[in-house]
Amino acid sequence: QYAGRVEAHARSLARPMLLRTSARHRQKCTASPARDVLVFDGDGVGPEIITAARRVADAALSVAGVRGIRWIEMDGYGYDNGLGVTEAHLEAFGEVGVLLKGPLSIPAGTSGSVIEARGQAFTSANQALRQLFGLYANVRPARSYALPWPTRFGDVAVDLLIVRENTEDLYCGAPEVWVDKDTCQATKRISRGASARIAEYACALALQRQAERGAPSLVTAVHKANVCKQSDGLFLEEARKAASAAGLRYEEALVDSLCAGLVLQPQAYDVLVAPNCWGDIVSDLAGGVVGSLGLLGSANVGASHALFEAAHGSAPDIAGCGVANPASMMLSAAMLMRHVGEAPAADAVERAIAAALAEGCATVDLGGAASTGDFTDAVIAEIEQSTINT
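These lines cover the structure that appears in this document, whether it is placed above or below. Predicted model only: the values in this text are computed from it and were never measured. (Residues numbered from 1 in each chain as written. Predicted model: local features only at pLDDT ≥ 70, side-chain atom pairs only at ≥ 80, totals over all residues. Heavy atoms only, no water.)

1. Some thoughts on helix 4 (residues 87-96)
To keep it simple, the criterion reads: Relative accessibility thresholds used throughout: buried, under 20% of the residue-type maximum; exposed, over 50%; partly exposed, between the two (1.4 Å probe, protein chains only). A run of H or I in DSSP becomes a helix once it reaches four residues, and a run of E becomes a strand once it reaches two; helices and strands are each numbered from the N terminus. An arc is given here, and it is the one of the directions from the helix axis to the C-beta atoms. In this analysis, two residues are considered to be in contact whenever any of their non-hydrogen atoms come within 4.5 Å of each other.
Taken residue by residue, helix 4 has His89, Leu90, Ala92, Phe93 and Val96 as its buried positions. The buried residues of helix 4 occupy an angular sector of 165 degrees when the element is viewed end-on, so they sit on one face. Looking at the packing, one finds that the buried side of helix 4 touches strand 1 (35-40), strand 2 (69-73), strand 3 (98-101), strand 4 (115-117), helix 5 (125-132) and strand 14 (306-309). Of the residues flanking the end of helix 4, it is Gly97, one or two places downstream, whose phi is positive at about 90 degrees.

If you want it as structure tokens, here you go:
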């Protein structure tokens, strides 16, 4: 039963993340009109890095000679309107199905932290999109890049894929309850269905990586079952079943031990699958390991909808200064292009980013001096000098 379900995930649920498409499919895409993609700029540095990512994606698709993307811009996604996300935004995403989204400043603290959408309460507009459209898998690749200056892991080939369950755990949306005036209690919700779904999805992606690299993949299930015995124990139960059905190498790691392991020996890990909270923590740590959250793409994938966003926050302190690192948003745009069947163009974007960094064009957060525009121009120049075989 599990073997069939993992195989089905490899064929269908993992399909949005597949890196290769058939020649027949590409031929069909070339002749078809531009693909619609919805755009929410977000706030902070969002508009700047969204613009950069769109420029890079358009350049790659143009050089590849395939159908382009029709960007459908929609303003007002943010807390300036007092709502975070409106019904118009939800309707647009429901219709278009693919979204490139800038980061959003989410209010912290006990006031103004809950929004209402379609009769439900959510802790943020981002959570509303994930929950309402079933975006259950947050996928973040973390790879090391060659930089012309020393880095902590400059001589180590880090190539991680973090697969985070995106709809439950401590972020399930259940209201926090004040037991008394000095005690607040949160809900950690782990279900068998969601755990099985994310484990099968992670295993499907691991099988894909295994086939591409010609080497066995390793799936590591991240947990804290020594304390959260029932909830994380349930998650592990489903992860074991999925890995066994897929015939993959498999291990389990306590989240605190894993964090130490990622700092000491990041190259020892391959595919990490985790409940929502632990995945949130581990994916940010992975960004630090490879040099910056600005070097991680991020996809939120469901059965029928997908959202692509930067792995970092809105950085309002540098908004409008022209120094934000757009690489994360560009890498997310590359993931989006794979999702719509344009893998060669996506590969070209990733190669161009790596080449620009290797030549020393980097923003301040990476130790360079390039502006957002400088880095974008350098990546586009690399794309325009390349050959994209479709």
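Now that the structure has been shown, we can carry on.
2. Section: the pairing of strand 10 (residues 218-223)
Worth spelling out the cut-off: Following DSSP output, two strands are said to pair if at least two bridges run between them. Handedness of a crossover is defined as follows: orient the strands so they point away from the viewer, and if the path from the first strand over the helix to the second runs clockwise, the crossover is right-handed.
Taking burial as the measure, the six residues of strand 10 include six buried ones, the bulk of the element. The two faces of strand 10 match: Leu218, Thr220 and Val222 on one face and Val219, Ala221 and His223 on the other face are all buried. Of the pairings in the sheet, the one linking strand 10 to strand 11 (residues 249-254) comprises six bridges and is parallel in character. Bridge pairing in strand 11 links Val222 to Ala253. After leaving strand 10, the chain enters helix 7 (residues 231-246) and then returns to the sheet as strand 11, a path that is right-handed. With three bridges joining them, strand 10 and strand 12 (residues 271-274) adopt parallel strand pairing. Among the inter-strand pairings, Ala221 is bridged to a residue of strand 12, identified as Val273.

3. Concerning the pattern of salt bridges
Put simply, the test is: Throughout this description, the term salt bridge denotes a Lys or Arg side-chain nitrogen within 4 Å of a carboxyl oxygen of Asp or Glu.
Inspection of the entire model under this criterion finds 24 salt bridges. Salt-bridge contacts for Asp36 lead to Arg70; the nearest nitrogen and oxygen are separated by 2.7 Å. In this pair, Asp36 is assigned in strand 1 and Arg70 in strand 2, connecting sequence segments 34 residues apart. For the salt bridge of Glu309 with Lys101, the shortest nitrogen-to-oxygen distance reads 3.0 Å. Residue Glu309 is found in strand 14, and its partner Lys101 is found in strand 3; the two are separated by 208 residues along the sequence. Given a relative accessible area of 1%, Lys101 falls into the buried group. Overlapping salt bridges bring together Arg143, Asp159, Arg209, Arg213 and Asp270 as one network.

4. Topic: the pairing of strand 7 (residues 159-165)
A large share of strand 7 lies buried, amounting to six of its seven residues. Pairing of strand 7 with strand 12, which is carried by four bridges, proceeds in the parallel orientation. From the neighbouring strand, Val163 faces strand 12, where its bridge partner is Val273.

5. A short note on the packing of helix 3 (residues 46-64) against helix 12 (residues 372-384)
When two helices pack together, their arrangement is captured by the angle between the axes and the distance separating the axes. What counts here: Each axis is a line fitted through C-alpha atoms, taken for helices only over the stretch in contact, and angles between the N-to-C directions span 0 to 180 degrees. Oblique is the label for every angle not falling under 35 degrees (roughly parallel), over 145 degrees (roughly antiparallel), or within 65 to 115 degrees (roughly perpendicular). Polar here means any residue outside two lists: the nonpolar Ala, Val, Leu, Ile, Met, Phe, Trp, Tyr, Cys and Pro, and the charged Asp, Glu, Lys and Arg; Gly therefore counts as polar.
Interaxial distance between helix 3 and helix 12 falls to 9 Å at its minimum, and their mutual angle equals 10 degrees. Between helix 3 and helix 12, the angle falls in the class roughly parallel. On helix 12, the residues that touch Glu48, Ala52, Arg55, Val56, Ala59, Ala60 and Val63 of helix 3 are Thr372, Thr376, Asp377, Val379, Ile380, Ile383 and Glu384. Here the residues of the contact of helix 3 with helix 12 sort into eight nonpolar, two polar and four charged.

6. Quick notes on the nonpolar core
Threshold: The definition of a nonpolar core used throughout is a set of buried Ala, Val, Leu, Ile, Met, Phe, Trp, Tyr and Cys residues joined through side-chain atoms within 4.5 Å.
Counting 103 residues, the largest nonpolar core has Leu100, Val282, Ile353, Leu357, Phe375 and Val379 as the members making the most contacts within it. For this core, the element with the most residues is helix 3, which contributes ten residues. Look past the residues within four positions of Val282 in its chain and what remains in contact with it is Ile162, Val222, Val255, Leu258, Cys259, Leu262 and Leu272. Formed by 20 residues, the second largest nonpolar core is a distinct cluster that contains Val96, Ala117, Phe133 and Leu307.

7. Focus on helix 9 (residues 276-290)
Put simply, the rule reads: Multiplying one less than the number of residues by 1.5 Å gives the expected span of a helix.
Under the 1.5 Å per step criterion, the end-to-end length of helix 9 is 21 Å for 15 residues, consistent within 8% with the ideal 21 Å. For helix 9, the set of buried residues is Asn276, Cys277, Trp278, Gly279, Val282, Ser283, Ala286, Gly287, Val289 and Val290. Lining the buried residues of helix 9 we find strand 6 (137-143), strand 7, strand 10, helix 7, helix 8 (255-264) and strand 12. Just downstream of helix 9 lies Gly291, where phi reads positive at about 125 degrees.

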